[in-house]
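# Residue-level structure breakdown
Residue-level listing of the chains:
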Amino acid sequence: MGLLAKQAYSNSINIFIGVIAGAINTIFILPRAFETMPENWGLVKILLSYSVISAHVFGFGIYNIVIKEYSRMNDEKERASLMGFVFLISIVSILLLIFLNLITKGGIIHFINKEDSELIAKNLNDYFLLSAVVILTQLFTGFISSKHKTPVLQLVNETFLKSFYLIISLVYLFIPFSFDLYLSLFIWSYVISLLIYIFYSLYLGLKLEFSFRLLKIKETIIYGLYTVLDKGASIIVANLDLIMIGWILNLENVAYYTLAYYIGAVITIPQRAILIPATPMIAKSIHDEKHDEISKLYKQSSINQLIIGGALFLLIWVNIEALYQLIPGKFSGGLWVVFYIGLSNLFVMGTGVSGLMIVYSKYYRINLVFNSILILLTIISNYFLIKSYGIIGAAIATAITYFIYNAIKVIYIKWRFKSDPFSFSYFKTVLILLVIGAIGNVITLFPEDPILSVLIKTILFSLLLIIGFYGLKVKAEILDLPRKLMKKYFNS
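Keep in mind it's a predicted model, so treat the numbers as computed, not measured. (Residues numbered from 1 in each chain as written. Predicted model: local features only at pLDDT ≥ 70, side-chain atom pairs only at ≥ 80, totals over all residues. Heavy atoms only, no water.)

## Things to note about the overall build of the protein
The criterion, for reference: To qualify as a helix, a DSSP run of H or I must reach at least 4 residues; to qualify as a strand, a run of E must reach at least 2; elements of each kind are numbered from the N terminus. Remark: exposure states derive from per-residue accessible area (1.4 Å probe, protein chains only) relative to the maximum for the residue type, with buried under 20%, exposed over 50%, and partly exposed in between. Any two residues whose heavy atoms approach within 4.5 Å are treated as being in contact.
Secondary structure assignment for the protein yields 21 helices and zero strands. Classification of the 492 residues of the protein by burial places 56% in the buried group. Pairs at least 24 apart in sequence give 84% of the contacts found in the protein among residues at least 6 apart.

What follows is the structure in C-alpha cells.
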C-alpha cells in the first residue's frame, strides 16, 4: 500500500468517531434541540460560514503558502523565517478584518434579510473571535501538514470538535440553558482546537524567525493572493449558499438546508482523509518535477474517491426516505437537497487532486480565472434558483457550478500536464453505480419500519456494490486493501 493510502486509512480511523458524532448530532439531536427555534441553529451556521469565508478572504492564502514553500525548503533558518513571516501575515489579517468591520459597523456580515440581521449584529464579537481563530488555524495546520502528521489534524478537527458539539447539543436538548451560553461553548471549542494545534506545532519543532532576508517576499505574497481563490474558493462556495438562503429566505431555512446538506456531504469524508496527506505529496512531486508520480497520484485519488464517495452516495440515497422518517417533520423539505448536494460532491471527488495539481504548479495563476468563474456562477445561480425553488434551488445551483468548475479543471490539466483521472476501471465504476442506483430506486423494503429498512437496504446494496466492483474487476487501491490485509494476517 502506498504512502497516500496508508495516511488516508490512518486519517479515516481517526475521524470515525467524529463521523458518528456528527451524524447523530446533525440528524437526530440538533433538529430536536432547535425544533421550536430553528433560526438559532441557522444563526450558528451563518456565523461559522461568515467566519470561514472571512478567514479565507483575509488570510492571504497562508495555508497554501506554508504547504508550498515549506516543502521545498531544506534549511531550518529559512523555514523559521517563512513561519515568522506567515505569522505576521496572520496578525495583520486579523487586524484588517476587525478594522473593516468596525468602520462599516459590521456591514461585511449584514448580507442577510432585515428580519434576522439583528441576531447577527448582536453576535459581532463572536464573529471576530471565530474568524481570528480560523485564520490562525490555517497557519498551524499548514505547518503540521508539511510535517506529514495529518492524522492529528483529523483527530482534532473531526473527533474533538464534533464530539464536543454533540455533547453541548445533548445537554442543551435535555437540560435547556441559554442560547448565548450554547453559542459561546460552540465557539470556544474552536479556540481549544487552535491551542492544541499551537502546542503540537511547538512539539514538532515550530520556530519563528523575524528576519526575512532569506525569503522571496514579493513572490510569496503574490502566490498567496492568487491562491486565496483556490482552496478558499471551494470553502467560499460551500458557505455562500447558506448566506444567500439567509438573505433571500431566512435563518429558519438555513437550519433546514444545513441538515440536508450534511447528509449529502457525508460522502466527502473519505475525500478529506485522502486530500490532507496528498497535499504535501503533490506539492513536493511538482517541485521535483516527478511527472509520472503526479499522474499516478491523480488517477489513484480519483478512482479511490469515486468508489468510496459513490458507494456512500448510493447507500444514502436508497435509504433517504427512511432516514427522513426519523427526523422531525418540519425538516422534511430537504430530501432533494440531499440528492443534489451528494451529486455535486461526487463531481468533485471524481476529479481527485486536480485542484492541488494546479495550485502547487507554476500555472497557479489560472486559478484566479477558474475560481472567479466558480464564485460568479455560484452567486448568479443561487440568486435565481433560490428565488424560484427555495433551498432545493440552492442545491441545484451547487451541483451545476461544481460540475462546470471541475470539468474545466480536468480539461486544463489534460492540456498542461497531459494527464487525466480516467481509466477503464473509472468508467466501470460509474456504470456499476448507475445500474445499482437504478435498482435502488424501484425497491421498497419495510416502509413501516424505517430503522429495519435502513439496516436491510444497507446490507443488500453493500453486497451488490461488492459484487459489482470485484465481479467487473475494478482496479483500485481501496479494493486491494482487504486482500492485502488478509494476506498479511494469515501469513503472520
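## Digging into the environment of Leu 346
In this structure, Leu 346 sits in helix H15 (residues 335-349). Taking relative accessible area as the criterion, Leu 346 reaches 14% and is therefore assigned buried. Sequence separation between Leu 346 and Gly 310 is 36 residues, and the spatial gap between their C-alpha atoms is 6.6 Å. Discounting chain neighbours no more than four positions away, the residues touching Leu 346 are Ile 267, Leu 306, Gly 309, Gly 310 and Phe 313.

## Side note on the packing of aromatic side chains
Each aromatic ring pair is characterised by the separation of its centres together with the angle its planes make. Definition in use: Stacked, tilted and edge-to-face pairs are distinguished by plane angle, under 30 degrees for stacked and over 60 for edge-to-face with tilted covering the rest, among Phe, Tyr and Trp rings (Trp via its six-membered ring) whose centres lie within 6.5 Å. Whether a charge lies above a ring is judged from NZ of Lys or CZ of Arg, which has to be within 6 Å of the ring centre and within 35 degrees of the ring normal.
Tallied over the entire structure, the rule returns 31 aromatic pairs. Between the aromatic rings of Phe 179 and Tyr 182, the centroid separation amounts to 6.1 Å while the plane-to-plane angle is 20°, which identifies the pairing as stacked. Of this pair, Phe 179 and Tyr 182 are both found in helix H8 (residues 179-203), three residues apart, which corresponds to roughly one turn of the helix. Of the residues examined, Tyr 182 reaches a relative accessible area of 0% and is grouped as buried. Connected via pairs of aromatic rings, a cluster forms that spans Phe 34, Trp 41, Tyr 172, Phe 177, Phe 179, Tyr 182, Tyr 256 and Phe 331. The lysine or arginine in question, Arg 416, covers the ring of Trp 415, its NZ or CZ lying 4.2 Å from the ring centre.

## Points about the side chain of Ser 419
By the element assignment, Ser 419 lies in the loop between helix H18 (391-417) and helix H19 (424-442). Owing to a relative accessible area of 5%, Ser 419 belongs among the buried residues under this scheme.

## Details of the nonpolar core
We apply this condition: By nonpolar core is meant a set of buried Ala, Val, Leu, Ile, Met, Phe, Trp, Tyr and Cys residues that side-chain atoms within 4.5 Å join together.
The biggest cluster of nonpolar side chains holds 146 residues, and the ones touching the most others in it are Tyr 182, Tyr 257, Ile 263, Tyr 360 and Leu 465. Among all residues touching Tyr 182, those that are not within four sequence positions of it are Leu 30, Phe 34, Val 44, Tyr 165, Ile 168, Ser 169, Tyr 172 and Phe 177.

## Considerations on helix H13 (residues 291-318)
We apply this condition: Between the first and last residue of a helix there are one fewer steps than residues, each counted as 1.5 Å, and that sum is the expected span.
In a regular helix each residue adds 1.5 Å, so 28 residues correspond to 40 Å; H13 covers 40 Å between its end C-alpha atoms and thus fits that length. For H13, a buried count of 20 out of 28 residues is recorded, marking the element as mostly surrounded by other parts of the structure.

## Here we look at the pattern of salt bridges
Test applied: In the sections that follow, a salt bridge refers to a side-chain nitrogen of Lys or Arg positioned within 4 Å of a carboxyl oxygen of Asp or Glu.
What the rule picks out here adds up to four salt bridges. Close ionic contact of Arg 79 with Glu 76 constitutes a salt bridge, the shortest N to O distance being 3.4 Å. With a gap of three residues between them, Arg 79 and Glu 76 both fall in helix H4 (residues 76-103), about one helical turn apart. Note on Arg 79: relative accessible area 15%, which makes it buried. In this structure, Lys 414 engages Asp 420 in a salt bridge whose closest nitrogen and oxygen atoms are separated by 3.1 Å. Among the charged side chains, a network of salt bridges with common partners joins Lys 299, Lys 414 and Asp 420.

## Notes on a nonpolar patch on the surface
Note the cut-off: The patches described consist of residues with a relative accessible area above 30% and no salt bridge, like charges being joined within 9 Å and nonpolar side chains (Val, Leu, Ile, Met, Phe, Trp, Tyr) within 5 Å. Here, Shrake-Rupley sampling with a 1.4 Å probe gives the accessible areas, and only protein chains in the shown set may cover a residue.
Among the surface-exposed residues, Phe 446, Leu 455, Ile 456, Ile 459, Leu 463, Ile 466, Ile 467 and Tyr 470 lie close enough to one another that they form a single nonpolar patch of about 740 Å² accessible area. With a relative accessible area of 58%, Ile 467 lands in the exposed category.

## A closer look at the environment of Leu 97
Along the chain, the position of Leu 97 falls in helix H4. For Leu 97, a relative accessible area of 1% corresponds to the buried category. Leaving out residues up to four positions away in the same chain, Leu 97 has contacts with Ser 54, Phe 58, Tyr 127, Ser 131 and Ile 135.

## Structural notes on unusual backbone geometry
Even without being a glycine, Phe 60 presents a positive backbone phi close to 55°. Positionally, Phe 60 belongs in the loop between helix H2 (38-58) and helix H3 (62-72). Phi is positive for Phe 446, which is not a glycine, with a value near 45°. Tracing the backbone shows Phe 446 in the loop between H19 and helix H20 (450-471).

## Brief notes about the environment of Val 337
Checked against the element boundaries, Val 337 lands in helix H15. Given a relative accessible area of 0%, Val 337 falls into the buried group. Sequence separation of Val 337 and Tyr 257 is 80 residues, and the distance between their C-alpha atoms is 7.4 Å. Setting aside anything within four residues of it in sequence, one finds Val 337 in contact with Tyr 257, Ala 260, Tyr 261, Ile 391, Ile 392 and Ala 395.

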